[in-house]
Number of protein chains: 2
Amino acid sequence: MREPDISIEECSYRRALEIVSNKWTALVIYALEGGTIRYGAIKSRIADISQKMLTQTLKQLERDGLVVRKVTPVVPPAVEYALTPLGTTLLPFLRLLKGWSAEHYASVSNAREAYDAAQKDALPG
Amino acid sequence: MREPDISIEECSYRRALEIVSNKWTALVIYALEGGTIRYGAIKSRIADISQKMLTQTLKQLERDGLVVRKVTPVVPPAVEYALTPLGTTLLPFLRLLKGWSAEHYASVSNAREAYDAAQKDALPG
DNA sequence: CGGTATCCGCTCTGATACTG
DNA sequence: CAGTATCAGAGCGGATACCG
């Protein structure tokens, strides 16, 4: 039997996926692309993200060294977030993904419709 | 209040994420990078993937038009999978992610350790 | 304003058993 | 070999309420 070469220990690709491949992480990084931005502004930019998920995602990104948090002690408090230099190294990857989607998403959408239609025909009438 | 510009309807980036950003999808595409490959061979390459998840992921990729399934009606059955032309357009993106991980994963790992150590210091002894 | 804490449903995921 | 079916647990993610 062949050895698995796509393992969590050996495959760097897989480790990167652990960082980025969840529902909100990449979206939040994308929202930070334009520079320092306040918590509320991020929330306004990303449709459907809850306060809990935004806070949780930002905390995780901070832990990973991809985002910095700056608190200005005023009343009411102002909290700003920005990408670290490490965080900005992810941007080319995100932009490529965006470009891919712009170019090919329609094809995926069409494929889905065709597939679903074929499935429906296969069922008994 | 500002309008969200990162919504599922308008943001192509977000749609791409829906395709790729789950635990196994990108890994399976990566396993198919080298060309046509049998079901069992994919399973051998990817550590820890269960039969259920592999089947489910392949089916979803087929629906999205990224992978083709070829059944050879012999006994025992032989089923092969390959990337479609559309599927191969994702490879540059995956390779970039892999390169990013090779270059920067250590930084993330270090950041995590530093963050966790700081958290521990903040707790009462 | 920018959180934290809690509850709760739902999906994702893996084990196990069975089929052609 | 390549699946399908079923079950059960863990964790994601949302709604709500409260705090500095």
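Bear in mind that the values here come from a model prediction, so they are computed numbers and not experimental data.

**Focus on the protein's contact with DNA strand C**
Part 1 of the reasoning: Among the 18 residues in the neighbourhood of DNA strand C, the closest are listed as Arg38, Gln51 and Arg69 of chain A together with Lys52 and Met53 of chain B.
Part 2 of the reasoning: Close to the protein, within 4 Å, the atoms of DNA strand C are drawn from sugar and phosphate at a rate of 56%.
Part 3 of the reasoning: Between DNA strand C and Lys59 of chain A, the relevant distance is 3.1 Å, taken from a phosphate oxygen to a side-chain nitrogen or oxygen of the residue.
Part 4 of the reasoning: One nitrogen or oxygen atom from the side chain of Lys23 of chain B is found 3.5 Å from a phosphate oxygen belonging to DNA strand C.

**Examining the packing of aromatic side chains**
Part 1 of the reasoning: If you walk through the whole model with that rule in mind, you get 1 aromatic pair over all chains.
Part 2 of the reasoning: With centroids separated by 5.1 Å and ring planes inclined at 15°, the aromatic side chains of Phe93 of chain A and Phe93 of chain B adopt a geometry described as stacked. Of the two residues, Phe93 of chain A is situated in helix α6 (residues 91-122) and Phe93 of chain B in helix α6 (residues 91-122); the pairing between them involves two chains. Per residue, the accessibility class of Phe93 of chain A equals that of Phe93 of chain B, and both read buried.

**Let's talk about the sheet that holds strand β3 (residues 78-83) of chain A**
Part 1 of the reasoning: Strand order in the open sheet formed by 3 strands is β1-β3-β2 (chain A), and the pairing between neighbours is antiparallel. The sheet is open, and its two edges are formed by β1 (37-38) and β2 (67-72) of chain A, each paired on a single side.

Cut-off values and rules
Residues numbered from 1 in each chain as written. Chains lettered and ligands numbered in written order. Predicted model: local features only at pLDDT ≥ 70, side-chain atom pairs only at ≥ 80, totals over all residues. Heavy atoms only, no water. Near = heavy atom within 4 Å. Polar contact = N/O pair within 3.5 Å; in protein donor to acceptor, adjacent residues only side chain to side chain. Phe/Tyr/Trp six-rings, centres within 6.5 Å; stacked < 30°, edge-to-face > 60°. Helix = DSSP H or I, 4+ residues; strand = E, 2+ residues; numbered from the N terminus. Buried < 20%, exposed > 50% of the residue type's maximum accessible area, 1.4 Å probe, protein only. Pairing = 2+ DSSP bridges.

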